[in-house]
Amino acid sequence: MISEVSNKRSVAGAVYIIRQATAMASTRASCLLLLFAVGAQVSPPPWITNTSQLQVVAGENDLSVVEGHEQTLLVESIFIHPQFNEFYYYNDIAILKVQGKFVFNEYVQPVQMPSGKEAAGTCVVSGWGATEENGDAINLLKKASVPVWLDEDCRQVYGNEEVLDSMVCAGVEEGGKDACHKDSGSPLMCSASGSHAFFAGVMSWGLGCARPNTPSVYTEVSHFSDWLGSQIY
Ligand SMILES: [Ca+2]
Ligand SMILES: [Ca+2]
């Protein structure tokens, strides 16, 4: 989380939104869900041939230490959005169905879905991504507050074809904090005044990290409610 990069970044894109699974329900840094592949980051779903390689860890905070709050479940199946476009990262969203259920407690809570609410205001992104451009992923979960941009302002930066309505951009105008490499797939949590934070976006791609006037681009979860509803049962 934070800093710069040279190329359009993306990668993982695979995301978790399962009925009884999690992402970050509050600003507690320890309540995030971690998605990872053994020995590597998660590749774009079409290249994953063996889901038994994948696990989902909820309640993770420090990757280097067993803190006792982690809950690990195997992935049973992956639902990739059928219109996922790996060049433009359109529809960059997938669902991982896990085997079994997470136990909700102080560290693991279900995420609130957006139910039609668009991302707005200042939101929080969190992840284990790099803290500087071309840097490595980190062990301790970090978060950053980032204001949401209007889609049309974001198109001024990236172009009309690059930014669809079903994406949402967020970033600090002067730069300095942002999602970065290996944050792809991380949740963007927003809250309408006074209400609980909801799952507004999924970190998808960006140009560099934390550059001025260069927001990160997220898949906007509210635009996928129908698809999510049709896949989750
Ligand atoms: Ca840990
Ligand atoms: Ca949008």
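All values derive from a computational prediction rather than experimental measurement.

Q: Tell me about the overall build of the protein chain, residues and numbers included.
A: The number of helices and strands found in the protein chain is two helices and 11 strands. When the helices and strands of the protein chain are read in sequence order from the N terminus, they spell out β-β-β-β-β-β-β-α-β-β-β-β-α. Going through the 233 residues of the protein chain one by one, you find that 44% of them count as buried. In the protein chain, once contacts between residues fewer than 6 apart in sequence are set aside, the share between residues at least 24 apart is 69%.

Q: Lay out unusual backbone geometry in plain terms, naming residues and giving numbers.
A: The phi angle at N134 is positive, at roughly 65°, despite the residue not being glycine. The topology assignment puts N134 in the loop between β6 (122-127) and β7 (142-149). Judged by the 14 C-beta atoms lying within 10 Å of it, N134 is partly exposed. The phi angle at K182 is positive, at roughly 70°, despite the residue not being glycine. With respect to the element layout, K182 can be found in the loop between β8 (167-170) and β9 (187-190).

Q: How would you summarise the pairing of strand β5 (residues 94-98) if you had to cite specific residues and measurements?
A: Buried residues dominate β5, accounting for four of its five residues. When strand β4 (residues 71-80) meets β5, the two strands line up antiparallel, connected through five bridges. Across the sheet, the residue bridging to F79 is I95, located in β5.

Q: How would you summarise the nonpolar core if you had to cite specific residues and measurements?
A: Counting residues in hydrophobic clusters, the biggest one holds 47 residues, and the most contacted among them are C123, V125, A170, L188, M189, C190 and A200. Among the elements of the structure, β3 (54-60), β5, β6, β7, β8, β9, β10 (198-207) and β11 (216-220) are those that each provide at least two residues to this core. Examining the composition of this core, we find that six residues originate from one element, β10, more than from any other. Shared between two domains, this core holds at least three residues of each, these being domain 1 (24-98) and domain 2 (111-223). With residues near it in sequence (within four places) discarded, A170 still touches C123, V125, V146, P147, V148, W149, L188, P215, S216 and Y218.

Q: I'd like a rundown of the pairing of β4, residues and numbers included.
A: Consecutive side chains of a regular strand alternate in pointing toward one face of the sheet and then the other. In this sheet, β4 lies alongside β3 in antiparallel orientation, the contact comprising four bridges. Counted as the bridge partner of Q55 is L74 from β4.

Q: For the environment of F104, give the residues involved together with the corresponding values.
A: With respect to the element layout, F104 can be found in the loop between β5 and β6. A residue is classified by how many C-beta atoms lie within 10 Å of it, and F104, with 15 of them, is partly exposed. Discounting residues that sit within four places of it in the chain, F104 has contacts with Q109 and P110.

Q: Account for the environment of I138, with residues named and values stated.
A: Looking at the element boundaries, I138 is found in the loop between β6 and β7. Considered as a pair, I138 and K182 are 44 residues apart in the sequence and their alpha carbons are 9.3 Å apart. Each residue touching I138, except ones within four places of it in the same chain, is listed here: W128 and T131.

Q: Outline the confidence of the model for the protein chain, supporting the account with residue identities and numerical values.
A: Averaged over every residue, the pLDDT of the protein chain is 77; the share at 70 or more is 76%. Per-element confidence in the protein chain is highest for helix α1 (residues 151-158), whose mean pLDDT is 97, and lowest for strand β2 (residues 32-37), whose mean pLDDT is 34.

Q: Describe in detail the environment of K101, supporting the description with residues and values.
A: Here K101 shows up in the loop between β5 and β6. You can call K101 exposed: it has 12 C-beta atoms within 10 Å. With 30 residues separating them along the chain, K101 and Q71 place their C-alpha atoms 9.6 Å apart.

Basis of the calculations
Residues numbered from 1 in each chain as written. Chains lettered and ligands numbered in written order. Predicted model: local features only at pLDDT ≥ 70, side-chain atom pairs only at ≥ 80, totals over all residues. Helix = DSSP H or I, 4+ residues; strand = E, 2+ residues; numbered from the N terminus. Buried ≥ 20, exposed ≤ 12 C-beta atoms within 10 Å, placed from the backbone. Contact = placed C-beta atoms within 7 Å. Pairing = 2+ DSSP bridges. Core = buried A, V, L, I, M, F, W, Y, C linked by C-beta atoms within 7 Å. Domains from an automatic or database assignment. pLDDT = per-residue confidence, 0-100.

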